[in-house]
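Here's the letter readout for the chains.
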Amino acid sequence: MSQRKSMLPGFGLSLGITVFTVSLLVLIPLLALVTRSAELSLGGIWDTLADRRVLAAFRVSFSTAFAAAFLNIFMGLVVAWVLVRYPLPFKRFWDSLIDLPFALPTAVAGIVLTTLYSPNGWLGQFFADLGIRVAFTPLGITIALIFIGLPFVVRTVEPILQDLDRQQEEASTSLGASRWQTFRRVLLPPLIPAILTGFSLAFARGLGEYGSVIFIAGNMPMKSEIVPLLIVTKLEQYNYPGATVIALASLVVAFVMLLVINGLQHWTRKRTGRG
Amino acid sequence: MSIHVNHLTKRYGNFTALDDIELSIDDGELVALLGPSGCGKTTLLRSIAGMEFADSGSILLEGRDMTYEPIRHRQVGFVFQHYALFNHMSVFENVAYGLRVRPRAQRPAEAEIRRRVHELLELVQLDWLAKRFPPQLSGGQRQRIALARALAVEPRYLLLDEPFGALDANVRKELRRWLRRLHEELHVTSLFVTHDQEEAMEVASRIVVMNHGRIEQVGTPEEIYDEPHTPFVSSFIGNVNILRGAIREGAFHTGNWQIPLPKEAREIHHPEEQDAFIRPHDIEIVKDTAVPWRVRIQHIQPMGSSYHVEAVPIALNGDNGPHIENDLITIELTRQAYKALAIDTNDEVGIDIHHVHWFYDHATGTAAS
Amino acid sequence: MNTQATKIQRRPAPTEASPWVRYLLSALALVIIGLFLILPLVSVLAEAFREGWQAYISAITDRYTRHAILLTLTTALICVPLNTVFGIAAAWCIARFQFPGRSLLTTLIDLPFSVSPVIAGLVFILIFGSQGWFGGWFTAHGFPIIFALPGIVLATMFVTLPFVARELIPLMQEQGSEQEEASIMLGAGPWKMFWTITLPRIKWGLLYGVILCNARAMGEFGAVSVVSGHIRGSTNTLPLHVEILYNEYQFSAAFAVATLLAGLAIVTLIVKSIVEWRQQRQWENATQ
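A brief structural summary. (Residues numbered from 1 in each chain as written. Chains lettered and ligands numbered in written order. Predicted model: local features only at pLDDT ≥ 70, side-chain atom pairs only at ≥ 80, totals over all residues. Heavy atoms only, no water.)

Our next topic: the sheet that holds strand 7 (residues 157-161) of chain B. Two strands in a sheet stick together by hydrogen bonds in their backbones, pointing the same way (parallel) or opposite ways (antiparallel). All names here are of chain B. Pairing in this open sheet of six strands is mixed, and the strands run 6-7-8-3-9-10 from one edge to the other. With partners counted over all chains shown, the strands left at the sheet margins are strand 6 (76-79) and strand 10 (214-219), one partner each. Put simply, the sheet's adjacent strands are angled 15° from each other on average, direction ignored. Pairing between strand 3 (residues 30-34) and strand 8 (residues 189-194): five bridges, direction parallel. What sits directly across from L34, in strand 8, is T194. The strands touched by helix 4 (residues 139-152) within the sheet are strand 6 and strand 7, with strand 6 carrying the most contacts at an inclination of about 165°. (Pairing = 2+ DSSP bridges. Helix = DSSP H or I, 4+ residues; strand = E, 2+ residues; numbered from the N terminus. Axes fitted to C-alpha atoms, helices over the stretch in contact; angles between N-to-C directions. Contact = heavy atoms within 4.5 Å.)

A word on the interface of chain C and chain B. When the parts of a complex come together, some accessible area is lost, and that lost area is often taken as the interface size. Taken together, the contact pairs 19 residues of chain C with 28 residues of chain B. Summing both sides of the interface, chain C and chain B together bury roughly 1800 Å²; the carbon and sulfur share of this comes to 62%. Considering only the side of chain C, the residues that lose the most area to chain B are E178, M185 and L186 of chain C, jointly responsible for 39% of the buried surface there. On inspection of chain C and its partner chain B, the count reaches one salt bridge. In this structure, E181 of chain C engages R46 of chain B in a salt bridge whose closest nitrogen and oxygen atoms are separated by 3.1 Å. Put simply, chain C and chain B have five residue pairs in polar contact (both at pLDDT 80 or more) between them. Only helix 10 (178-185), helix 11 (190-219) and helix 14 (251-287) of chain C provide two or more residues apiece to the side of chain C that touches chain B. Here the element with the most residues in the side of chain C that touches chain B is helix 10 of chain C; it accounts for seven residues. (Buried area = accessible area lost by both parts, 1.4 Å probe. Salt bridge = Lys/Arg side-chain N within 4 Å of Asp/Glu carboxyl O. Polar contact = N/O pair within 3.5 Å; in protein donor to acceptor, adjacent residues only side chain to side chain.)

What follows covers the sheet that holds strand 15 (residues 283-286) of chain B. Residue and element names in this part refer to chain B. Taken in spatial order, the five strands of this open sheet run 15-20-16-17-19, and their pairing is antiparallel. Looking at which strands have only one partner, the edges of the open sheet turn out to be strand 15 and strand 19 (329-334). Going from strand to strand, the sheet's axes swing by 45° on average, the running direction of each strand aside. Direction of pairing for strand 17 (residues 306-313) relative to strand 19: antiparallel, over a ladder of six bridges. Paired with Y307 across the strands is L333, a residue of strand 19.

See below:
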């Protein structure tokens, strides 16, 4: 049954275009990254990566991306839940606004968030009163990454929420479960794979995000310097090997994380019998 | 407009979809490809249409080898299982499509297209739907439009993939009759795929029964039912009781029951395994206590025009009874026979077997089951 | 859209949460949307007009701004059509055919989404930069790639590569190939089939992908920033121009230019909503 589709035309042409483009734009460039790193000795690679500033940058990137993606799980779930289930005036408007972070150029997001959260900005002043500095600290990075990552969770959870079978809820209620029990035991389990997908997408995006972060981060080495910025810094110093090694390391680490999350997702999907 | 299929074989990895298929269809026939899902019937249909290419063997249309010929040279009309109507085009445009996509030189004039499409829509009695879009039609209407669309290019062969599969039972019955009449009118060589034996029996003049990529039997509906060639055909077409036993000394033994063999089978000696296939209506219930085969009636199911009686064999003298599939014998009685017998559940009655299908290999004398 | 039906459906069922939970969650959701989405958008406008209309107009009609607009439009005009053709081709072979390496190809197409834009820029420097594999050759032949338009185009194409394909692959897989097969059975040639069947059926999904691809192509910052060299009046795109103005403490001018990009985002969202609505209607029609 698998080769049913062979009668259709255009296979050679479409595959040709696709493979050519992917090779030119993705495969060869990433191979360049790997081979250029391989030109370095292992000792050189180690020295680059073991540098305190590099390690600190990785720590900042990972912790802020993780925190933002984690917070987005809850915020995204609430937003998706309300948008799918509750009557709300101008719902279509709110819903289309969710994609703003996808559509708004990151540089714009960066400067506007910085302005909002700087100590004399509209929001920053409230935090300043509480003695909290947001802009130019890891907290500011996290806020920028929450902005960038919010649509991922909302958009992955929404369709699943829409497809949930009302009868299951009614069955749960008729069997005597409270509203909260129904949510926790009947509604939440099928959402978990989608939540994990949203989380991993937001996390991956957060690790690599540059434009919206560099303005608000303050970019203090050891404190609020993220990995992508470090790569740019190395490039500006014409330290291409250093930039390459850090780039490759961050790619590898990101892929390992994604693999783990995918595995986890696969596991939960199996357990909850979805997909 | 005959179709000849010679030694057609197709594999998908380890799965053999078509295994050395040999088939001839004459001009103007209406033939059903019948079999369970995965038996290769759709693959065969699609191979004839040119939508799939076999690994070996050939397909001849009107005596010309068309095995590797592109679809547009085959003059085949194909009706898809789920209709495959173009949802973004009106019914009219759907039917006109095959004419409109022709190369400019062969394309009929607009007025001619109009005339032809309306003629076809009248043929399928849906002219009044010309301006609608497919999503606005019922399943039966869609099916008829799909047929009109396939006929618009004046195909020499009409191939239909499960044409009634997605329809409600009563719409299906109506469309079957309609298809048969349409075929009588047009006389296009037609081949349709179905997994429904009733549908095949009702519509087709000949049936090709397939299983596991092979043709089990080709014949008229009567032949297929009355003289099945293989155990598969016997059990796939209609109901059948299967008794498991062995052949010794010119008779069939199952437990301590035995059935004498027909004359031509007397010389068979197969002491290991031989099944006997008995149609429910080939068994008669007799109240005579002298009849050696005794059963107890367990359930009586009125089926309208007939009655289905389920009975359990009673072992004689504590001996082992017959080995029957499902441990139940199903007997079909006519209404009159049932009324005349006046039986009830738990009655103990005798049975008389009128006809048995035996399957064995004539060449080797071994059982074919 | 049948508002009547939606209203009836929305009436609280016996399984609904108590009203105060509903109000609390709704309020929370609106606070999140307001704080994270609406406030930034409003703030862009407020900052842009902080120094008045005059300053705003002069900021967006500035020579360098005009050049940045031109460069951004040129980049999008090259990248979006190319990626559209690529997306259709990729979706066609992946959704319609089985072949070895199909899932690997799908993964490679998705890859740019999980690669930092900075790395996307970096890889092209490694190939075409002055110390890169082919950089010397191209520069010597008077066709520099890095710190020039070709580099910007390459980096932009890299980051926008998945948009169209990713939208079309699931759509075409879901649609199945029966209608295209029917078209071929009725005698249509490949291009006839494409223009009469394939394209009309995917047009909304395609438009959706193209819109998002365009928004990203015009707004890309990280990847372009690495390969462009920030040469004002030459390789400065709109987002890079915003950065330069901001870093020079010309905040109002930076925000004025940013309003152009925010406007692009809003137009994108509006078109996207319309497309979604049309798609949904088409789907509803198809499943009636």
